[in-house]
Amino acid sequence: MRAADQILLDLEQQFSRSEVELFGKDNDACERWCETIEEMMAIAAESLDGIRAKARVACSLRLGDLEEAVIDQLSARNDRTLEKSILRDLIRLFDPHLEHKGALQALVASCG
């Protein structure tokens, strides 16, 4: 495995740990969580392993809800359609247990 991909996999683990810490914690946990995401975005994946680590974190950020209409209703139809399709494909091919259809709609409905 290439060095950048190992860093991404380590950051994915750090993201998972910090995500758990967020519940009932202070701003430090939130700051670490955001920094981990920013660091992952800055590192270019060098193999499918690194790309999958990024896809799993992106999936988690969407509560596992990968339906295009829910992800970004305000953006133009074509501005991120391909990226969303790639994310859905990666998760559905390699980590289908992470997808939770309807999770974002349920969250929005519970807040309104």
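Basis of the calculations
Residues numbered from 1 in each chain as written. Predicted model: local features only at pLDDT ≥ 70, side-chain atom pairs only at ≥ 80, totals over all residues. Heavy atoms only, no water. Axes fitted to C-alpha atoms, helices over the stretch in contact; angles between N-to-C directions. Helix = DSSP H or I, 4+ residues; strand = E, 2+ residues; numbered from the N terminus. Parallel < 35°, antiparallel > 145°, perpendicular 65-115°, else oblique. Contact = heavy atoms within 4.5 Å. Nonpolar A, V, L, I, M, F, W, Y, C, P; charged D, E, K, R; others polar. Buried < 20%, exposed > 50% of the residue type's maximum accessible area, 1.4 Å probe, protein only. pLDDT = per-residue confidence, 0-100. Salt bridge = Lys/Arg side-chain N within 4 Å of Asp/Glu carboxyl O. Core = buried A, V, L, I, M, F, W, Y, C linked by side-chain atoms within 4.5 Å. Patch = residues over 30% accessible without salt bridge, like charges linked within 9 Å, V, L, I, M, F, W, Y side chains within 5 Å. Areas by Shrake-Rupley, 256 points an atom, 1.4 Å probe, with all protein chains shown as cover. Lys, Arg positive; Asp, Glu negative; His and termini not counted. Charge placed at Lys NZ, Arg CZ, Asp CG, Glu CD.

**Comments concerning the packing of helix H3 (residues 48–61) against helix H5 (residues 81–94)**
At step 1: Packing of H3 against H5 brings their axes to within 9 Å, and their N-to-C directions diverge by 100°. Our classification of the angle between H3 and H5 gives roughly perpendicular. The segment H3 lies against H5, with Leu 48, Ile 51, Arg 52, Ala 55, Arg 56, Ala 58 and Cys 59 engaging Leu 87, Leu 90, Ile 91 and Phe 94.
At step 2: Residue classes in the contact of H3 with H5 are distributed as 9 nonpolar, no polar and 2 charged.

**Quick notes on unusual backbone geometry**
At step 1: For Leu 63, which is not glycine, the phi dihedral falls at a positive 60°.
At step 2: Within the secondary structure, Leu 63 is located in the loop between H3 and helix H4 (68–71).
At step 3: Its relative accessible area of 39% is what places Leu 63 among the partly exposed residues.

**Topic: the environment of Ile 86**
At step 1: Locating Ile 86 in the fold gives a position in helix H5.
At step 2: Distance from Ile 86 to Ala 55, taken between C-alpha atoms, is 8.8 Å for residues 31 residues apart in sequence.

**Structural notes on the confidence of the model for the protein**
At step 1: Per-residue pLDDT for the protein averages 83, and the proportion of residues at 70 or more is 83%.
At step 2: H4 is the least confidently modelled element of the protein, averaging 53 in pLDDT, while H3 averages 92, the highest of any element.

**Notes on the pattern of salt bridges**
At step 1: Throughout the structure, instances matching the rule amount to 4 salt bridges.
At step 2: Ionic pairing is found between Arg 56 and Asp 95, a salt bridge with its closest N-O pair at 3.3 Å. Here Asp 95 lies in the loop between H5 and helix H6 (103–111) and Arg 56 lies in helix H3, a separation of 39 residues in the sequence. The pair formed by Arg 56 and Asp 95 is uniform in burial state, with each residue classed as buried.

**Examining the nonpolar core**
One broad rule of soluble globular proteins: the nonpolar side chains tend to lie buried together.
At step 1: By size, the foremost hydrophobic cluster in this structure holds 11 residues: Ala 4, Leu 8, Leu 9, Leu 11, Phe 15, Trp 33, Ile 37, Met 40, Ile 43, Ala 53 and Val 57.
At step 2: When contributions to this core are tallied by element, the ones reaching two or more residues are helix H1 (3–22), helix H2 (27–42) and H3.
At step 3: At 5 residues, H1 tops the list of elements feeding residues into this core.
At step 4: Residues within four places of Ala 53 in sequence aside, it is in contact with Leu 8, Leu 9, Glu 12 and Met 40.
At step 5: Grouped together as the second largest cluster of nonpolar side chains are 7 residues, Ala 55, Cys 59, Leu 66 and Ile 91 included.

**Observations regarding a negative patch on the surface**
At step 1: A cluster of like negative charges, contributed by Asp 28, Glu 31, Glu 35, Glu 38 and Glu 39, occupies part of the molecular surface.
At step 2: Looking at the element boundaries, Glu 38 is found in helix H2.

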